[in-house]
Amino acid sequence: MGFLTVRDEDPQPGRRAVLTRALGLTAAAGLGAAAAIGAATGPAAATAKTASTRAGQADWRFCTKCYGLFFRGNPTDGACPAGGGHDAAGYNFNVPHDVPETPTAQHNWRFCTKCYGMFFWGYPTNGRCPAGNAHGMAGYDFVLPFL
């Protein structure tokens, strides 16, 4: 079975022509929608969104036992305050990091190397870790948005 082609006596376009035209129209519609979104939100908002999207770390998950946020990108699930390891459920969060603090986003949130949870690193002590003693800070300076 061969591909459909356009012949002089056949007014129907070939399969390749139909697909090429459909893909071209889809791409044009997508570019038009992106331009409309950019115009509606302004270039500053588009740049800020792009920057925050690039500076993010995925694999942050909700724990059904302690109701905390923990990093699931390691071979083990850390130490849960409710006992054992964390138990992931729900969304896979992509948490922004190393972007400037704003009036609606707080920095100084850090990853703990012992419990794999996120804790606030803006106080003189690092808080109490469920794996023992204070949290052990490492990695990115996460910036959490708030209302």
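Residues numbered from 1 in each chain as written. Predicted model: local features only at pLDDT ≥ 70, side-chain atom pairs only at ≥ 80, totals over all residues. Heavy atoms only, no water.

**Observations regarding the packing of aromatic side chains**
Argument step 1. Overall, the coordinates contain 10 aromatic pairs when judged by the stated rule.
Argument step 2. Where Trp60 meets Phe71, the ring centres are 5.4 Å apart and the plane angle is 55 degrees; that geometry is what we call tilted. On the criterion of sequence distance, the pair formed by Trp60 in strand 1 (residues 56-63) and Phe71 in strand 2 (residues 69-71) is long-range, its members being 11 residues apart.
Argument step 3. Assessed through its relative accessible area of 0%, Trp60 is described here as buried.
Argument step 4. Of the residues examined, Phe71 reaches a relative accessible area of 11% and is grouped as buried.
Argument step 5. Judged by centre distance (5.3 Å) and plane angle (80 degrees), the ring pair of Trp60 and Phe142 falls under edge-to-face. You can see Trp60 sitting in strand 1 and its partner Phe142 sitting in strand 6 (residues 137-145), a full 82 residues away along the chain. Residue Trp60 shares its accessibility class with Phe142, and that shared class is buried.
Argument step 6. Counting every residue linked through ring pairs, the aromatic cluster contains Trp60, Phe71, Phe111, Tyr116, Tyr140 and Phe142. (Phe/Tyr/Trp six-rings, centres within 6.5 Å; stacked < 30°, edge-to-face > 60°. Helix = DSSP H or I, 4+ residues; strand = E, 2+ residues; numbered from the N terminus. Buried < 20%, exposed > 50% of the residue type's maximum accessible area, 1.4 Å probe, protein only.)

**Thoughts on the pattern of salt bridges**
Argument step 1. Using the criterion set out here, one finds two salt bridges in the structure.
Argument step 2. Across the pair Arg72 and Asp77 runs a salt bridge whose closest N-O atoms are separated by 3.1 Å.
Argument step 3. Look at Arg72 and you get partly exposed, because its relative accessible area is 38%.
Argument step 4. Note that Asp141 and Arg110 form a salt bridge whose closest N and O atoms lie 3.9 Å from each other. Residue Asp141 is located in strand 6, and its partner Arg110 is located in strand 4 (residues 105-112); the two are separated by 31 residues in the primary sequence. (Salt bridge = Lys/Arg side-chain N within 4 Å of Asp/Glu carboxyl O.)

**Observations regarding the pairing of strand 4**
Along any regular strand, the residues point their side chains to alternate faces of the sheet.
Argument step 1. By the bridge criterion, five bridges tie strand 4 to strand 6 in an arrangement that is antiparallel. Bridging across to strand 6, Gln106 finds its partner in Leu144.
Argument step 2. Summarising the sheet, strand 4 and strand 5 (residues 118-120) pair through three bridges and their orientation is antiparallel. Directly across from Trp109, in strand 5, lies its bridge partner Phe120. (Pairing = 2+ DSSP bridges.)

**Considerations on the side chain of His135**
Argument step 1. Along the chain, His135 falls in the loop between strand 5 and strand 6.
Argument step 2. Excluding anything up to four places from it in sequence, His135 contacts Cys112, Lys114, Cys115, Phe119, Asn126, Gly127, Arg128, Cys129 and Pro130. (Contact = heavy atoms within 4.5 Å.)

**A few points about a nonpolar patch on the surface**
Argument step 1. There is a patch of nonpolar side chains on the surface, built from Phe62, Tyr67, Tyr91 and Phe93 and spanning about 500 Å² of accessible area.
Argument step 2. Looking at the element boundaries, Tyr67 is found in the loop between strand 1 and strand 2.
Argument step 3. Residue classification places Tyr67 among the exposed residues on the basis of a relative accessible area of 63%. (Patch = residues over 30% accessible without salt bridge, like charges linked within 9 Å, V, L, I, M, F, W, Y side chains within 5 Å. Areas by Shrake-Rupley, 256 points an atom, 1.4 Å probe, with all protein chains shown as cover.)

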